[in-house]
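Working through the structure, step by step
Now for the letters of each chain:
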Amino acid sequence: IERTIGTSAGIRLFPFGTGTVPSRRSFELNYTTAPSAAGSLQVRYVNSAADQQSGLPLTEGTVKLISTTPFYWRAAALGGLSGGTYLLQLTAQNITGIQDFQLLRILKRTGDGAPWQLDGIAGVNAGSNVSPVVARIGMGGFSDFTIGVNESTTTSINDIFSRNSIRIYPNPLQNGGILHLDMKDMQGQKCSMVLMDLQGREVYRHSWTGTGYDYQL
């Protein structure tokens, strides 16, 4: 999405969505100090983890960020757009595994392979653990953005399996077979499955609301 940006303060919204179950991934910036030169801003949402990640872990106060969400945004200033500072809000609707959305942070990097950094100051996050809106103030310039995840905000797969909440069988699965997921503790909860090959490429994605019974795919 590309939008014309003038030399005035205010909100600019770049709405994105993804998946068979609609999930908002909006990129909303609010210029608190107006740009010094007008132009346009092009924003692209990428529904996969950023390549060549580095710079983690990062620490901000008592919050230690150890990973990122499996998606990111790439923004580019065009046509001479420059100057100004802004409040950025990133929406991650239907994200899974978050225990405390208030501990999420917006991260920024200059491009592929560059380290993730904390630009600006943490704002007040809104929403919920399944639909967080992560905020950061005092930001300037545009490049890659993602959401950093704190070590205490997620439930590890080991924790889930240790409670016998999920059983996956048969294991291994033969070609052409049916994979069963027994998720007795997930009734009424939003579930999302992503399968990747050995190179880390996404080959299957599906989201649904847990029934507490056997799920087949």
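What counts and what doesn't
Residues numbered from 1 in each chain as written. Predicted model: local features only at pLDDT ≥ 70, side-chain atom pairs only at ≥ 80, totals over all residues. Heavy atoms only, no water. Core = buried A, V, L, I, M, F, W, Y, C linked by side-chain atoms within 4.5 Å. Buried < 20%, exposed > 50% of the residue type's maximum accessible area, 1.4 Å probe, protein only. Helix = DSSP H or I, 4+ residues; strand = E, 2+ residues; numbered from the N terminus. Phe/Tyr/Trp six-rings, centres within 6.5 Å; stacked < 30°, edge-to-face > 60°. Lys NZ or Arg CZ within 6 Å of the ring centre and 35° of its normal. Contact = heavy atoms within 4.5 Å.

**With respect to the nonpolar core**
The nonpolar side chains of a soluble globular protein tend to be buried, and buried together. By size, the foremost hydrophobic cluster in this structure holds 28 residues, and its most contacted members are Phe27, Leu29, Leu41, Trp73, Leu88, Phe142 and Phe145. Residue assignment for this core shows that the elements contributing at least two residues are strand E5 (27–33), strand E6 (39–46), strand E9 (72–78), strand E10 (85–91), strand E14 (132–139) and strand E15 (144–150). Grouped together as the second largest cluster of nonpolar side chains are eight residues, Leu58, Leu65, Tyr72 and Leu107 included.

**Considerations on the packing of aromatic side chains**
For any two aromatic rings, the description comes down to two numbers: the centre-to-centre distance and the angle of the planes. Evaluated as defined, the whole model comprises eight aromatic pairs. Pairwise contacts between aromatic rings join Phe16, Tyr45, Phe71 and Trp73 into one cluster. The ring of Phe71 carries the charged tip of Arg25 above its face, separated from the ring centre by 4.3 Å. In this structure, Arg109 is placed above the aromatic ring of Tyr72, and the distance from its NZ or CZ to the ring centre is 6.0 Å.

**Remarks on the environment of Phe16**
Tracing the chain through its elements places Phe16 in the loop between strand E2 (10–14) and strand E3 (17–18). Taking the C-alpha atoms as reference, Phe16 lies 7.0 Å from Tyr45; in sequence the two are 29 residues apart. Apart from residues lying up to four places away in sequence, Phe16 is in contact with Ile1, Ser23, Arg24, Arg25, Ser26, Phe27, Val43, Arg44, Tyr45 and Trp73.

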